Structure formats: C-alpha cells, structure tokens
Amino acid sequence: MDKLAVVVLFGGRSSEHSISSATAGGVLRAIDRDRFRVIPVGITREGAFVLEDDDPDKFTLDPDHLPEVVDNGTRVLWPDSAVCREMRVTDAAGTRSLGDVDVVLPILHGRFGEDGTIQGFLELLDIPYAGAGLLMSAIGMDKHVTKNVLRSAGVPVVPWVTVTREGLKRDRRMWEQRIHALGLPVFVKPARAGSSVGVSRVNAWDELDAALQTAFAEDATVLVEEAVHGRELECGVLESRDGALPRVSVAGEVVLSGREFYDFAAKYLGAPGIELVCPADLRDGELAEMQRIAARAFEAVGGQGLSRVDFFFTGTEFFVNEVNTMPGFTPISMFPKCWIASGMSYAELVSELIDTALARR
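Procedures and definitions
- Residue positions are given per chain, counted from 1 along the sequence in the order it is written.
- The model is predicted, so local features are restricted to residues of pLDDT at least 70 and side-chain atom pairs to those at 80 or more, both for listing and for counting; the totals for chains, interfaces and linings are taken over all residues.
- No hydrogens and no water enter the side-chain calculation; it runs on all heavy atoms of the structure.
- A pair of Phe, Tyr and Trp rings is counted when the ring centres sit within 6.5 Å of each other, with Trp represented by its six-membered ring. The angle between the planes then sorts it: under 30 degrees is stacked, over 60 is edge-to-face, the rest tilted.
- Secondary structure elements are defined from DSSP: runs of H or I of at least 4 residues count as helices, runs of E of at least 2 residues count as strands, and each element is numbered from the N terminus.
- Only protein chains enter the accessibility calculation, which uses a 1.4 Å probe; a residue whose area is less than 20% of its type maximum is buried, one above 50% is exposed, and one in between is partly exposed.
- For a ring to carry a charge above it, either NZ of a lysine or CZ of an arginine must fall within 6 Å of the ring centroid while also lying within 35 degrees of the normal to the ring plane.
- One requirement defines pairing of two strands: DSSP has to find at least two bridges between them.
- Every crossover in which the path from the first strand over the helix to the second runs clockwise, viewed with the strands pointing away from the viewer, is termed right-handed.
- Cysteine sulfur atoms that come within 2.5 Å of each other are treated as a disulfide pair.
- Only the stretch in contact is used when a helix axis is fitted, and all axes are lines through C-alpha atoms; the angle between N-to-C directions ranges over 0 to 180 degrees.
- Where each domain starts and ends follows an automatic or database-derived domain assignment.
- Should any heavy atoms of two residues lie within 4.5 Å, those residues are counted as being in contact.
- Note on definitions: buried area is the accessible-area loss of two parts on being combined, 1.4 Å probe, summed for both.
- In what follows, salt bridge is the name for a side-chain nitrogen of Lys or Arg lying within 4 Å of a carboxyl oxygen of Asp or Glu.
- Here a polar contact is taken to be a pair of N or O atoms separated by no more than 3.5 Å, where protein atoms must pair a possible hydrogen donor with a possible acceptor and residues adjacent in sequence count only if both atoms sit in side chains.

### Things to note about the packing of aromatic side chains
Working definition: an aromatic ring pair is given by the centre-to-centre distance plus the angle between the planes.
Part 1 of the argument: Evaluation of the coordinates by the stated rule reveals 8 aromatic pairs.
Part 2 of the argument: Considering the side-chain rings of W78 and F121, the 5.4 Å spacing of their centres and the 90° angle between planes classify their relative orientation as edge-to-face. One end of the pair, W78, is in the loop between β4 (75-77) and β5 (86-91); the other, F121, is in helix α2 (residues 117-125), with 43 residues separating them in the sequence.
Part 3 of the argument: Note on W78: relative accessible area 11%, which makes it buried.
Part 4 of the argument: One aromatic cluster in this structure is built from F49, W78 and F121.
Part 5 of the argument: When the ring centre of F112 is taken as origin, the NZ or CZ atom of R13, which lies over that ring, is 4.2 Å away.
Part 6 of the argument: Sitting over the ring of W175, R178 keeps its end group 4.7 Å from the ring centre.

And the structure:
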C-alpha cells in the first residue's frame, strides 16, 4: 500500500512563527513514517513557501535557540487547480515534482495561518486539511468574537471589555470608566494573538497605558479581562469521526509559584515558576462538568478538528477563558500532555488529526 502524502505546514508570518516551527519539530519526530510520506513545507516570516529539511532536531526550541524557517531559495508550487493534487518545487537546479498530496497538516499559530487564511486557501484548491475549518479558525482566532459566540451558547466566560485604538482616541474617559469597572487586577491581551504574546497583568491603574501599548503592538483590537481568582485548568477536545459527541481529555492544571501568569517563557522556554500537573486533582463531578462545558464550547465555535479549552475554576464555577483551535503542540505543551494522560500517545494524536481530516473528506 502506498503511503499517504502529508504536507506538514509550519512557520508563518505571525509573531508565533518560532512556536509553530518548534511544533513542527515534535510532529516530524513523532509522525508514523510507516503510514505517511512527509513533505515539510515552511512559510518564512515574509510569506514564502519553501521546502524545508525533514529534520526534527533543526527545530528544537530552547532559550538560546528560537527556530525559524529561513529562505533557502526553494519555492513550493501548490497545485494549479482543484482538479490536480501535484505539488512541485523549484530551485537553482530547476523544477521537480513532489508527487500528489493527500492531506495537509497545518500547524500554524496566530494570524495568516490559524485564523482561516490558510484554511480558505486549501479549500480553494480542494485539498483536505487537518484541524479546524475556515469559519471555526476565524472565530477562534478573535477572542472578542469567541466570547460573544460562547456567551450566546450559554457558556460562562470571563467578563471583559473590548477596546480599539480609535475608540480610545474618540472617548478615552468613557473607555477607562468601563475598564475600571472590572476592578483590579485585569489582564490586557491582543484580540488576535496567542501563546501569551502581548499579554500583561495590570495590578495598578497606572500600569494600564503600558499594557495597552504592548497589546496594541500585536493588534488594533484589545481585550481587558477581569482577573478571576481560581485554578487555571485546561483540557483537549477532538472531533469524533462517527458523528458522536466530541471527545474530551482529562484536565491539566497550570500551577503558579512565583510567576503572575502563564506567559510565553513559561509555556515554551521552561522558565521557572510554573508546574503543569496532568491529570489535575478534580472530583469526578467537577471533571465531568468541565468536560461537558468544553464540548459545548467546542461545538459552539464550529466543532471541527481540535481545540484546547482553557478554564478558570473558582471551586464552584467554571469560566471559559479561551478556545484555542491550534493549541501549542510541542512535546511539553498541555494539549498533548492531556491526551497522553488520557491514554493516547503523541504519535497517535498526530495520526488521529490526519485520519479525522481524511474521514471528513
């Protein structure tokens, strides 16, 4: 039996380029080579599609090395219509075929990849792809839209205020009053960014301007969220292939000890002050309720592919903080940790995403 050709697509133009590249390292190392023929395609920070090295070690993430896709002079040529599946690459030696592609595994984080951009491109070419669809990706990328969709579906969310640069210029006093009504502390974050990029905790109001500017550097729309005092819990959700309800993993917990929040350095660079505990210590009823809300949130935003649903748990109530449609997928990330604790290996998880895409097709 011929192996299925899988394009592993990573890098991209967003500020999360290095995280996507590090995820690619984990996927390239774990993917089942007996079943899949891998075509590693990187997107440079400038948006060029290049044929990358099939070398997991090249994309190791550590404090001294943030991996990235560099322009190596190659150019990947996608199929020229929806009736063709052949991919080609051109370089100094000319143009050669990479064969027909069966499915794309886009492991892109942030804008121009996780926001429906690449999903729409692949749908134009009629190429199957893993993960969330176009609309779900677009909804999940925008935190303001996500919160409104979840609230409409009866999913409890953290109270927030959404503000734009233009809004602040028009009536700064009104927006400051709305923000101050949330009380201290608050979290300030870009509407369309992930991996805690651009996120700040504000403990005093004289810190607000700096936090807003940090967030506005990532996006023209910013959320200011009330700080919910409680445990920070997360779980993974996967689409079912048989029309059944979404599958939800056990819960993981982010335990803070010396850091104010789960920031970029703690998520990806092993910075101290954070412990990821999986499975989290929850009573059976608490876990069941968290899983029920996670499945409802997943279906509310589109119910396709995968997501990581992040919660705050006060001890009596669960509040959904975010729904991430392409969560951190490095071997140390919470999403794979939760599924490993639920009985699925990292390699099986990669295969599951690909098989679900093909079954949907």
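Structure shown, so let's carry the discussion forward.
### Remarks on the pairing of strand β1 (residues 4-11)
Part 1 of the argument: Buried residues dominate β1, accounting for 7 of its 8 residues.
Part 2 of the argument: Here β1 runs beside strand β2 (residues 36-43); their pairing, made up of 8 bridges, is parallel. By the bridge assignment for β2, V7 is matched with I39.
Part 3 of the argument: Each parallel crossover has a hand, and for β1 linked through helix α1 (residues 17-30) to β2 it is right-handed.
Part 4 of the argument: Sheet analysis places β1 next to strand β7 (residues 103-106), joined by 4 bridges and oriented parallel. Looking across to β7, one finds that V7 is bridged to V104.

### Some remarks on unusual backbone geometry
Part 1 of the argument: Here the residue pair L184 and P185 is connected by a cis peptide bond, since its omega of -5° sits within 30 degrees of zero.
Part 2 of the argument: Tracing the backbone through its elements, the reader meets P185 in the loop between α6 (172-180) and β9 (186-190).
Part 3 of the argument: In this structure, F112 is a non-glycine residue whose phi angle is positive, near 65°.
Part 4 of the argument: Within the fold, F112 resides in the loop between β7 and α2.
Part 5 of the argument: Of note, the phi angle at D126 is positive, near 60°, even though the residue is not glycine.
Part 6 of the argument: Tracing the backbone through its elements, the reader meets D126 in the loop between α2 and α3 (134-141).

### Re the state of the cysteines
Part 1 of the argument: Applying the stated criterion to the full structure yields 0 disulfides.
Part 2 of the argument: This cysteine, C235, is not joined by any disulfide, and C338 carries the nearest cysteine sulfur, 6.9 Å off.
Part 3 of the argument: Residue C235 is classed as buried on the basis of its relative accessible area, which comes to 1%.
Part 4 of the argument: Free of any disulfide, C338 has its nearest neighbouring cysteine sulfur in C278, separated by 3.8 Å.
Part 5 of the argument: The exposure class of C338 is buried, given its relative accessible area of 0%.

### Observations regarding the sheet that holds strand β6 (residues 94-100)
Part 1 of the argument: Within the open sheet, the 3 strands sit side by side as β4-β5-β6. Their pairing is antiparallel. The sheet is open, and its two borders are formed by β4 and β6, each paired with just one other strand. Taking the axes of each pair of neighbouring strands and ignoring which way they run, one obtains an average angle of 25° across the sheet.
Part 2 of the argument: By the bridge criterion, 6 bridges tie β5 to β6 in an arrangement that is antiparallel. Its bridge partner being in β6, M87 is matched across the sheet by G99.

### Side note on the domain arrangement of the chain
Part 1 of the argument: When its domains are assigned, the chain resolves into domain 1 (4-129), domain 2 (138-156 + 229-360) and domain 3 (160-226).
Part 2 of the argument: Contact residues are listed per partner, giving 29 residues for domain 1 and 23 residues for domain 2.
Part 3 of the argument: Roughly 2000 Å² is buried in total at the junction of domain 1 and domain 2, and carbon and sulfur atoms are behind 73% of that figure.
Part 4 of the argument: Here domain 1 is connected to domain 2 by 1 salt bridge.
Part 5 of the argument: Here D355 and R35 are joined by a salt bridge, their closest N and O atoms 2.8 Å apart.
Part 6 of the argument: Across the contact surface, domain 1 and domain 2 share 4 residue pairs in polar contact (both at pLDDT 80 or more).
Part 7 of the argument: Counting residues per element, the ones that place at least two in the side of domain 1 that touches domain 2 are β1, α1 and β7.
Part 8 of the argument: Per-element tally for the side of domain 1 that touches domain 2: the top contributor is α1, with 6 residues.

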